[in-house]
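Geometric and topological summary
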Amino acid sequence: DVKVTQSSRYLVKRTGEKVFLECVQDMDHENMFWYRQDPGLGLRLIYFSYDVKMKEKGDIPEGYSVSREKKERFSLILESASTNQTSMYLCASSSITGGYTQYFGPGTRLTVL
Amino acid sequence: DAKTTQPPSMDCAEGRAANLPCNHSTISGNEYVYWYRQIHSQGPQYIIHGLKNNETNEMASLIITEDRKSSTLILPHATLRDTAVYYCIVRSMNSGYSTLTFGKGTMLLVSP
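Bear in mind the structure is a predicted one, so any value in this text is a computation, not a measurement.

Among the nonpolar cores identified, the biggest contains 21 residues, and Trp35(B), Leu73(B), Tyr86(B) and Leu108(B) are the most heavily contacted of them. Elements with a contribution of two residues or more to this core: strand S2 (18-23), strand S3 (31-38), strand S4 (45-50), strand S6 (61-64), strand S7 (70-75), strand S8 (84-92) and strand S9 (106-111) of chain B. Ranked by residue count, the leading element in this core is S8(B), at 4 residues. Apart from the residues lying within four places of it in its own chain, the contact partners of Tyr86(B) are Gln6(B), Leu20(B), Trp35(B), Tyr36(B), Arg37(B), Ile47(B), Leu73(B), Leu75(B), Gly105(B), Thr106(B) and Leu108(B). If you look at the next biggest cluster of nonpolar residues, it comprises 20 residues, including Phe74(A), Leu78(A), Ala81(A) and Tyr89(A).

Spelled out as structure tokens, the structure:
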């Protein structure tokens, strides 16, 4: 079974702090994704990566950056957290050979005070 | 990617079949139908996908109409643990890096 893990299930940070959210997948997938999910807005794509050191902006990249130094690991960085970044963050991965089916992690609920 | 329409909510009795409809009337020939579900406070879970033939796996069956303009996800014997939001997504295998667009989905409530 594909396993996607995220570093924390719940996180509380203060405005202005730098926040790192980490995602690890164990299936050697080429593609990795970061989404945020908010009530009434559904899932929105922040960034994705199709290879090590490669990244592409999604629909809402402002205020975020990402890092992919190893194939299995994809980090989302909030340089200076703000209250409007309070949300559920979801990581996913997919394989070119697997029909592009995305497999999701359990999510990190981030609260910025 | 084509747009989908799903009912906002449905109810089902435990042990009965749950039939979740999805309309995708603007689907094009190379677009697949995917179903995911999301149990409260968890990440979305892949269920099944298909192009034009009906598909079945250990979780569910997917019935796609001959004109491909609609589909139905069938959970043959719903349990309380199947209570979740179910998302129908249509996407092309040629859509770059396979990003997904989730709509509002159908909230399925399975009751005892």
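Here we come to the packing of aromatic side chains. Any two aromatic rings considered together are summarised by their centre-to-centre distance and by the angle between their planes. Scanning all chains against the criterion turns up 13 aromatic pairs over all chains. Relative to Phe102(B), the ring of Phe104(A) lies with its centre 5.8 Å away and its plane at 85°, an arrangement referred to as edge-to-face. Residue Phe104(A) is located in strand S10 (residues 103-104), and its partner Phe102(B) is located in the loop between S8 and S9; the two belong to separate chains. Residue Phe104(A) is classed as buried on the basis of its relative accessible area of 12%. On the basis of relative accessibility, which here comes to 6%, the residue Phe102(B) falls in the buried class.

In this section: the environment of Asn54(B). Residues and elements named next belong to chain B. Along the chain, Asn54 turns up in the loop between S4 and strand S5 (55-56). Once you skip the residues sitting within four places of it in the chain, Asn54 turns out to touch Leu62, Ile63 and Ile64. Of the polar contacts made by the side chain of Asn54, one reaches the backbone nitrogen of Ile64; its length is 3.1 Å.

As a further point, take the pairing of strand S3 (residues 19-25) of chain A. Residue and element names in this part refer to chain A. Side-chain alternation along S3 places Val19, Leu21, Cys23 and Gln25 on a buried face and Phe20, Glu22 and Val24 on a face that remains uncovered. Here strand S1 (residues 4-6) runs beside S3; their pairing, made up of 3 bridges, is antiparallel. In the sheet register, Thr5 faces S3, and the bridge partner there is Val24. Bridge analysis of S3 against strand S8 (residues 73-78) gives 6 bridges, and the strand direction is antiparallel. Residue Val24 lies in a different strand from S8, and its bridge partner there is Arg73.

All names here are of chain B. Mapped onto the secondary structure, Asp82 falls in the loop between S7 and S8. Residue Asp82 is classed as buried on the basis of its relative accessible area, which comes to 12%. Here Asp82 is in contact with Arg37, Leu75, His77, Leu108 and Val110, once residues within four sequence places are set aside.

Attention now moves to the pattern of salt bridges. Applying the stated criterion across every chain, the model contains 7 salt bridges over all chains. Taking the shortest distance from any N to any O, the salt bridge between Asp82(B) and Arg37(B) comes out at 2.8 Å. Remark: Arg37(B) occurs in strand S3 and Asp82(B) occurs in the loop between S7 and S8; sequence separation between them is 45 residues. No difference in accessibility class separates Asp82(B) from Arg37(B), as the two residues are buried. Several salt bridges share partner residues, and in doing so they unite Arg36(A), Asp38(A) and Arg44(A) into one network.

Rules and cut-offs
- Residues numbered from 1 in each chain as written.
- Chains lettered and ligands numbered in written order.
- Predicted model: local features only at pLDDT ≥ 70, side-chain atom pairs only at ≥ 80, totals over all residues.
- Heavy atoms only, no water.
- Core = buried A, V, L, I, M, F, W, Y, C linked by side-chain atoms within 4.5 Å.
- Buried < 20%, exposed > 50% of the residue type's maximum accessible area, 1.4 Å probe, protein only.
- Helix = DSSP H or I, 4+ residues; strand = E, 2+ residues; numbered from the N terminus.
- Contact = heavy atoms within 4.5 Å.
- Phe/Tyr/Trp six-rings, centres within 6.5 Å; stacked < 30°, edge-to-face > 60°.
- Polar contact = N/O pair within 3.5 Å; in protein donor to acceptor, adjacent residues only side chain to side chain.
- Pairing = 2+ DSSP bridges.
- Salt bridge = Lys/Arg side-chain N within 4 Å of Asp/Glu carboxyl O.

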